[in-house]
Amino acid sequence: MKKIFVLALSLFAAVSAFSAVEAKEKNVKNKPAKEIVLQKADFSKGKTVLQAMLDRHSSREFSDRQLDIRTLSELLWAAGGINREDTGGMTAPTAMNYKEITIYAFLKDGVYLYEPKENKLVLAVEGDKRAAAGMQDFVAGAAVNLVYVSDMAKMKGDDDDRNMTMTAVDVGHVSENVYLYCASEDLACVTRAFIDAGAISKLLNLKESQKVILSQSAGYKK
Ligand SMILES: Cc1cc2nc3c(=O)[nH]c(=O)nc-3n(C[C@H](O)[C@H](O)[C@H](O)COP(=O)(O)O)c2cc1C
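To start, this report covers the structure provided alongside it. Every chain begins its residue count from 1, and numbering advances along the sequence as written. Selection of residues for local features in this predicted model requires a pLDDT of at least 70, selection of side-chain atom pairs for listing and counting requires 80 or more, and totals for whole chains, interfaces and linings are taken over all residues. Only hydrogens and water are removed before side-chain values are computed, so all heavy atoms of the structure are retained for them.

Description of the overall build of the chain
Here is the rule we go by: Strands are runs of DSSP state E lasting at least two residues, helices are runs of H or I lasting at least four, and both sets are numbered from the N terminus onward. Under the scheme applied here, a residue whose accessible area is under 20% of the maximum for its type counts as buried, over 50% as exposed, and between as partly exposed, the area being computed with a 1.4 Å probe on protein chains only. Note on areas: Shrake-Rupley with a 1.4 Å probe; residue coverage comes only from the protein chains shown.
Within the chain one finds five helices and nine strands. What you see in the chain, going N to C, is helices and strands ordered as α-β-α-α-β-β-β-β-β-β-α-β-α-β. When the 222 residues of the chain are sorted by exposure, 42% land in the buried category. Accessible surface, the chain as shown: approximately 12,900 Å² in total, 57% of it carbon and sulfur.

Here's what the structure looks like:
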């Protein structure tokens, strides 16, 4: 009887230990990647610029399917990637080449900072924070919400109004690039100014000089 009891106890201990390991592994698996290495854009496909302009439109209906890595990479490259390795020139121009814009990608697993030089995403905030990137219901379901942040400290002119106008224009170029890429790839996309900039700043732990300017949702069509 004692033997059976000891055997049952050992069996229970073994099962518990296994479950603990399994739970731990599951936990590790559920952790968002600290970095996402992006791919190089495929320049052999896509519509002509004129066709993309013809097809560009805002859409607020998104499939819940997450973007594949190639599409996510190209979307970010269109937004703020480097297109001239020798000078560090970018796909979207900035006034005086200030390069004041940083791009955050709100994905299902977390919020990531886009690092164009390294062509990678770096985890900034864990968890699904997509809903925080806007104030309309569809925002939470878009595969990605891009948030454009301008560091006003990088703009050297001392006229604050003028700096704000210039960075708004700069962000406008970024968002049009994204619109055109989405049109080319038949993705749904909409630019959004209806955002809670204060809440986003807090979530991203931004510096005083960093201003949340605009957001843009993108994803596969519903
Ligand atoms: C600066 C800017 C801010 C916008 N803000 C929002 C927004 O907060 N929410 C939204 O649903 N659409 C927003 N839009 C999308 C416009 O409503 C849309 O571009 C406009 O209705 C024209 O439609 P189209 O893009 O299909 O041509 C914004 C567009 C721009 C350019």
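Following the structure, the description resumes.
Some remarks on helix α4 (residues 160-184)
Applicable threshold: Here a helix's expected span is defined as the number of its residues, less one, multiplied by 1.5 Å.
The terminal C-alpha atoms of α4, which comprises 25 residues, lie 36 Å apart, in line with the 36 Å expected from a rise of 1.5 Å per residue. Of the residues trailing α4, D186 is marked for its positive phi of about 55°.

Observations regarding the nonpolar core
Note the threshold: Take the buried residues of types Ala, Val, Leu, Ile, Met, Phe, Trp, Tyr and Cys, join any two whose side-chain atoms come within 4.5 Å, and each joined set is a nonpolar core. Any two residues whose heavy atoms approach within 4.5 Å at even a single point are treated as in contact.
Counting residues in each nonpolar core, the largest one holds 50 residues, and the members touching the most others are L75, I103, L121, V144, L146 and Y148. Residues contacting V144, with those up to four places away along its chain left out, are L67, L72, L75, A105, F106, L107, Q216, S217 and A218. Of all hydrophobic cores here, the second largest spans five residues; its members include A95, M152, M155 and M166.

Quick word on the site of the ligand
Put simply, the rule is: It suffices for a single heavy atom of a residue to lie within 4 Å of a molecule or strand for the residue to be listed as near it. Throughout this description, a polar contact denotes any pair of N or O atoms lying within 3.5 Å of each other; where both atoms belong to protein, one of them has to be capable of donating a hydrogen while the other can accept it, and for residues adjacent in sequence the pair is counted only when both atoms sit in side chains.
Taken together, R56, H57, S58, R60, Q136, Y179, V190, T191, R192, A193 and F194 form the complete shell of residues around the ligand. Contact distances for the ligand include 3.0 Å between a nitrogen atom and a backbone N or O atom of T191. The separation between a nitrogen atom of the ligand and a polar main-chain atom of A193 is 2.9 Å. For the ligand, whose free accessible area comes to 610 Å², the fraction covered by protein is 53%. Take the shell around the ligand: its biggest share by element is three residues, from strand β8 (residues 187-192).

Things to note about the sheet that holds strand β4 (residues 101-106)
Threshold: Pairing between two strands is assigned when DSSP locates at least 2 bridges connecting them. Each axis is a line fitted through C-alpha atoms, and for a helix only the stretch in contact is used; angles between axes span 0 to 180 degrees, taken between their N-to-C directions.
Pairing within the open sheet is antiparallel, and its seven strands lie in the order β1-β6-β5-β4-β7-β9-β8. One side of each edge strand has no neighbouring strand; the edge strands of this open sheet are β1 (35-37) and β8. Sheet twist, expressed as the average angle between the axes of neighbouring strands with direction ignored, equals 25°. The pairing of strand β7 (residues 144-151) with strand β9 (residues 210-220) spans eight bridges and is antiparallel.

Observations regarding the environment of V144
Mapped onto the elements, V144 comes out in strand β7. Residues V144 and Q66, spaced 78 residues apart in sequence, show a C-alpha to C-alpha distance of 8.0 Å.

Here's the deal with a nonpolar patch on the surface
Test applied: What makes a patch is a set of residues exposed beyond 30% relative accessible area and free of salt bridges, joined within 9 Å when like-charged and within 5 Å when nonpolar (Val, Leu, Ile, Met, Phe, Trp, Tyr). For this document, the term salt bridge refers to a Lys or Arg side-chain nitrogen within 4 Å of an Asp or Glu carboxyl oxygen.
Taken together, V49, L50 and M53 make up a surface patch of nonpolar side chains, about 340 Å² in accessible area. Residue class for V49 comes out exposed when judged on its relative accessible area of 54%.

Description of the side chain of S59
Inspection of the secondary structure assignment puts S59 in the loop between α2 (49-55) and α3 (69-80). In this structure S59 comes out as buried when scored by relative accessible area, which is 15%. Discounting chain neighbours no more than four positions away, the residues touching S59 are A188, C189 and V190.

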